[in-house]
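Geometric and topological summary
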Amino acid sequence: MRLLHRVFLVTSLAACAGGAFVARERSALAQKKETHDEIGLAVGETKTLSAAGVKEYSEGVKGVVDVVTTPDGTRFILTGRKPGTTTLLLIKNDGSQAVYDITVATRSPQVVEREVQQLLEGVVGVRVRRIGGRIFIEGGVSTENDQKRVQQIASLYPGQVESLVIIGSAAERKLLVRLDFFFVQYEKTSSYAVGLGWPDAIGGTANQAQVFQNAYTYDFVARTTTSAQASIVNQPLPRLDIASRHGWAKIAKQSSVITANGNEATFQSGGEQNFLQAVNLTTTLVSVKFGTNVTVLPRYDSNSKDLEIKVVADVADLTPPASGTVPGRTTTKLETQVTLRLGQALVLSGIKTATQRRDVQGLPGLSEIPVLGLLFGSHRQEKAEVEGAVFIVPSVVDTVPKSALELINNAMSTYKEYSGEIEYVDAYPKAPPSAK
């Protein structure tokens, strides 16, 4: 009995194991026997399929396509009849099945997709996606005019193309865009003064260059003058004016801004200085602001490699005061929107100015005589030339060249070793990634 019981137990276990194996094989075979595929057709377009080994076939929705076999029975001929969707089921001799999802459109989806991509050239931030026989335009644009343009393109293909484009949304916000701004400016100044400087007036008020000054005291009770004084406060003779001045200055600034694709970023660097200015009997506090203010909105399209940038930049630097104690400012302001390829450098703006001033002071009429006028007056002339430009270099930060820890350690090490030589400071990578 014990032997029979063991034989029965072993047989039962073997049967269970064999049944599980057969079930797994059937499941795997069933998965291999059925396949799915998609076919896109236009009205009047034909396509052929192999009919080898096909036992029978069946259509889903009648009238969307015509399915006929060739005289030798080796191929199926599919012809689009009207817009719509249907399915075609092929049952083969070995029991396997093939299912085709067929979409019939007014025009060929492949042709429409190429045409839409051509019409959308120059529009940054959008992409074309084809699902079956329908085509969708996705993404975001920066202006309402661009959105209307995309909608107008989609309306050219009713029932086939649909626009999902909105304003203020970027398709790939995970990308980081780096924008490097370079502000370069050159200045050159020169001046000279030559001739004879004559007094402005013999007498006059204290504000003028008077020569003589009188002061006396009168006693109204005694009706007599108690004291009188006359003095020469300035040289009554002409003075010789000979002077010249020349110099140059160069200004370079770099601003690096990193922001997510489609997000606006603002960078401000500068300050404010206060100066006391005396006007008559009052003293006022004058505030002069300086520095760099940059606002950018980048939109990068990874498919076309185009980068659309909206930039507002304002740069102001202090200059030595022409008179008094309050300095002046040189300002550069830029507001524009450009589209360029990744890795290209662009000159956003340029300026070149040349000024010349001439001043003659002296005896009326005589100081204006050519050459001889130097004996009767002082001639002054000033020249100034300024040339500058604003450059931009965009790049996409796909991968960080250094780890965060290495970047911080490098910055802190530079801070500890700094001893006044700013030329050797390397606090952050100043070269854009595309330039390396």
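Residues numbered from 1 in each chain as written. Predicted model: local features only at pLDDT ≥ 70, side-chain atom pairs only at ≥ 80, totals over all residues. Heavy atoms only, no water.

**Digging into the overall build of the protein chain**
- What the protein chain contains, in helices and strands, is four helices and 21 strands.
- Expressed as a percentage of the 436 residues in the protein chain, the buried residues total 28%.
- Across the protein chain, contacts joining residues at least 24 apart in sequence account for 64% of those joining residues at least 6 apart.
- Approximately 28,700 Å² of the protein chain is accessible, and the part contributed by carbon and sulfur atoms is 55%. (Helix = DSSP H or I, 4+ residues; strand = E, 2+ residues; numbered from the N terminus. Buried < 20%, exposed > 50% of the residue type's maximum accessible area, 1.4 Å probe, protein only. Contact = heavy atoms within 4.5 Å. Areas by Shrake-Rupley, 256 points an atom, 1.4 Å probe, with all protein chains shown as cover.)

**As for the packing of aromatic side chains**
- Applying the stated criterion to the full structure yields one aromatic pair.
- Look at Tyr-57 and Phe-76: their rings are 5.1 Å apart centre to centre, the planes differ by 75°, and that puts the pair in the edge-to-face class. Taken together, the residues span a long stretch of sequence, with Tyr-57 in strand S3 (residues 54-59) and Phe-76 in strand S5 (residues 75-80) at a distance of 19 residues.
- For Tyr-57, a relative accessible area of 37% gives the class partly exposed.
- Given the relative accessible area of 3%, Phe-76 is considered buried. (Phe/Tyr/Trp six-rings, centres within 6.5 Å; stacked < 30°, edge-to-face > 60°.)

**Considering the sheet that holds strand S20 (residues 346-362)**
- Strand order in the open sheet formed by four strands is S15-S12-S21-S20, and the pairing between neighbours is antiparallel. Both outer strands of the open sheet, strand S15 (239-260) and S20, are each paired with one neighbouring strand and no more. Strand after strand, the sheet turns through a mean of 5° between neighbouring axes, direction not considered.
- Examined bridge by bridge, strand S12 (residues 176-197) and S15 share 22 bridges and lie antiparallel to one another. (Pairing = 2+ DSSP bridges. Axes fitted to C-alpha atoms, helices over the stretch in contact; angles between N-to-C directions.)

**Quick notes on the confidence of the model for the protein chain**
- Confidence in the prediction for the protein chain averages 76 pLDDT; 78% of positions are at 70 or higher.
- In the predicted structure, residues 1-23 sits below a pLDDT of 50 and forms zero contacts with residues beyond four places in sequence or in another chain. (pLDDT = per-residue confidence, 0-100.)

**Observations regarding the pattern of salt bridges**
- Taken as a whole, this structure holds eight salt bridges when the rule is applied.
- With a shortest N-O distance of 3.5 Å, Arg-129 and Glu-138 are connected by a salt bridge.
- According to the relative accessible area criterion, Arg-129 is partly exposed, its value standing at 37%.
- Among the ionic pairs, Asp-180 bridges to Arg-178, the shortest N-O distance being 2.8 Å. By the burial criterion, Asp-180 is buried, and Arg-178 matches it.
- Several salt bridges share partner residues, and in doing so they unite Arg-127, Arg-129 and Glu-138 into one network. (Salt bridge = Lys/Arg side-chain N within 4 Å of Asp/Glu carboxyl O.)

**Considerations on the layout of surface pockets**
- In this structure, the largest pocket encloses a volume near 560 Å³.
- Lining the largest pocket are 22 residues; nearest its centre among them are Glu-187, Thr-189, Arg-245, Lys-383 and Ala-384.
- Looking at the lining of the largest pocket, the elements that each hand over two or more residues are S12, S15, S20 and strand S21 (377-397).
- Taken together, the residues of the lining of the largest pocket sort by class into seven nonpolar, eight polar and seven charged. (1 Å grid on protein atoms, 1.4 Å probe; cavity = no way out; pocket = protein on both sides within 12 Å on 5 of 7 lines; lining within 4 Å. Points joined across faces, edges and corners; volume = space filled by probe spheres on them. Nonpolar A, V, L, I, M, F, W, Y, C, P; charged D, E, K, R; others polar.)

**Structural notes on the sheet that holds strand S6 (residues 84-92)**
- Strand order in the open sheet formed by four strands is S1-S7-S6-S3, and the pairing between neighbours is mixed. The open sheet has two edge strands with one neighbour each: strand S1 (34-42) and S3. Within the sheet, the average angular offset between the axes of one strand and its neighbour, ignoring direction, is 20°.
- Of the strand pairs in this sheet, S1 and strand S7 (residues 97-105) are connected by nine bridges, and their pairing is parallel. Each bridged residue has a counterpart across the sheet, and for Thr-35 the counterpart in S7 is Ala-98.

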